[in-house]
Amino acid sequence: VRVYTSLSAAYDATVTNRHDVIVLDGSTSHTLTAMLSITKNRIHFIGLEWLLGVKKRYGQSSKVVIGVTTATANVAMIKNTGTRNSFRGIKFDSGDTLTQGVTCFAEGGEYTYFENCEFYKSTHLNSDTAAELLLNGDSAQFKDCTLGDLVNTTVSTAKRPVIRLAREIITGKVCRDVRFDGCEILRKAANVAARLVYSAGATDVERRLVFNDCLFVAAKLGAAAPAEAIGGASAQTEGQILLHNCSAYNITKWSTLTGVVGTMPTADASMDTVAVQAA
């Protein structure tokens, strides 16, 4: 066991592919002064209270934060492109107002695992390219996480998604075979154009993006109810966004985007059970 005074110093000390573990204490914020680029493999970041059995969807005491930065390379607070890294019991909180710093967490790794993490970004509320999560990951899994918030209001006319799908914003990376289980996606909207998930192109999803047992919530105190939970500029041609046992609140409809598929139970007279029909 070695003790470090900053998250970046702890990460620098890890060795790729050795399953090194970084435990973040919960008594103070872990402040970054520049984007943390995670390129090593099989590194595990764990909040201390998560190790003690306190497993929250939001308000974790182990918090990584970033303020205003100046280098144009700081496109996110954290950018992960490693393989089989994991994050548990951590709140990621970006307050960066840098023009380029539009993302809290940019995920472009392979088989990354997130559990009981919160993703929060209080800035760039008027930008359609900003988001709590830029999702370019291959086979990433999110369990019992919270993304977005019900406090900060998006600026009028802005889509400002919580989850942004845009192929190869991280070079060579795309959202492929990603799933969310038991997660909450939150937004306080100022206009009906706001979206909780937004896809800019027809090939932003490969194979599948699954939301299972997830809640999509727009704040009751928002100035408007989003017209759609999931929106996009083009029909998906290389994959589907699949919704299973999900619920949406204060949102007019799920989506009009071709490639977004939900399920609904329907009775089949020839069977004793209930079939599942695509809707």
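Procedures and definitions
Residues numbered from 1 in each chain as written. Predicted model: local features only at pLDDT ≥ 70, side-chain atom pairs only at ≥ 80, totals over all residues. Heavy atoms only, no water. Salt bridge = Lys/Arg side-chain N within 4 Å of Asp/Glu carboxyl O. Helix = DSSP H or I, 4+ residues; strand = E, 2+ residues; numbered from the N terminus. Buried < 20%, exposed > 50% of the residue type's maximum accessible area, 1.4 Å probe, protein only. 1 Å grid on protein atoms, 1.4 Å probe; cavity = no way out; pocket = protein on both sides within 12 Å on 5 of 7 lines; lining within 4 Å. Points joined across faces, edges and corners; volume = space filled by probe spheres on them. Nonpolar A, V, L, I, M, F, W, Y, C, P; charged D, E, K, R; others polar. Polar contact = N/O pair within 3.5 Å; in protein donor to acceptor, adjacent residues only side chain to side chain. Contact = heavy atoms within 4.5 Å. Pairing = 2+ DSSP bridges.

Engineer: Before we go on, may I ask you to explain the pattern of salt bridges in this structure?
Structural biologist: Close approach of charged atoms allows side chains with opposite charge to pair. Per the counting criterion, the structure on display carries 15 salt bridges. With a closest N to O distance of 3.9 Å, Lys 91 and Glu 118 form a salt bridge. Taken together, the positions of Lys 91 in strand β8 (residues 91–94) and Glu 118 in strand β11 (residues 118–121) put the pair 27 residues apart, joining distant regions of the chain. On the basis of relative accessible area, Lys 91 is assigned to the buried category, the value being 15%. Between Asp 181 and Arg 179 there is a salt bridge, with the nearest N and O atoms lying 2.7 Å from each other. Looking at Arg 179, the relative accessible area reads 25%, which means it is partly exposed.

Engineer: It is not clear to me how the layout of surface pockets should be interpreted in this structure. Could you clarify?
Structural biologist: A probe as big as a water molecule, rolled over the atoms, marks out the empty space that is left. Looking at the largest pocket, its volume works out to about 480 Å³. Around the largest pocket, the lining is made up of 19 residues, and of these Arg 2, Tyr 4, Ala 10, Ile 22 and Val 23 lie nearest the centre. Secondary structure elements with two or more residues in the lining of the largest pocket: α1 (7–13) and β1 (21–24). No other element matches the four residues that β1 contributes to the lining of the largest pocket. The residue inventory of the lining of the largest pocket, partitioned by class, reads ten nonpolar, five polar and four charged.

Engineer: Would you explain the side chain of Thr 112 in this entry?
Structural biologist: Locating Thr 112 in the fold gives a position in the loop between β9 (103–107) and β10 (113–115). Here Asn 80 takes part through its side chain, which lies 3.1 Å from a polar atom of the side chain of Thr 112. Among the polar contacts made by the side chain of Thr 112, one reaches the side chain of Glu 107 at a distance of 2.7 Å. Contacts of Thr 112, omitting those with residues within four sequence positions, involve Asn 80, Gly 82, Asn 85, Phe 87, Glu 107, Ser 139, Ala 140 and Gln 141.

Engineer: What should I look at first to understand the pairing of β8 in this one?
Structural biologist: Side-chain positions along a regular strand alternate between the two faces of the sheet. Taking every second residue as pointing to the same face, both faces of β8 are buried, with Lys 91 and Asp 93 on one and Phe 92 and Ser 94 on the other. Across four bridges, strand β5 (residues 63–66) lies against β8 in parallel orientation. Paired with Lys 63 across the two strands is Lys 91, which belongs to β8. Examined bridge by bridge, β8 and β11 share four bridges and lie parallel to one another. Bridge pairing in β11 links Phe 92 to Phe 119.

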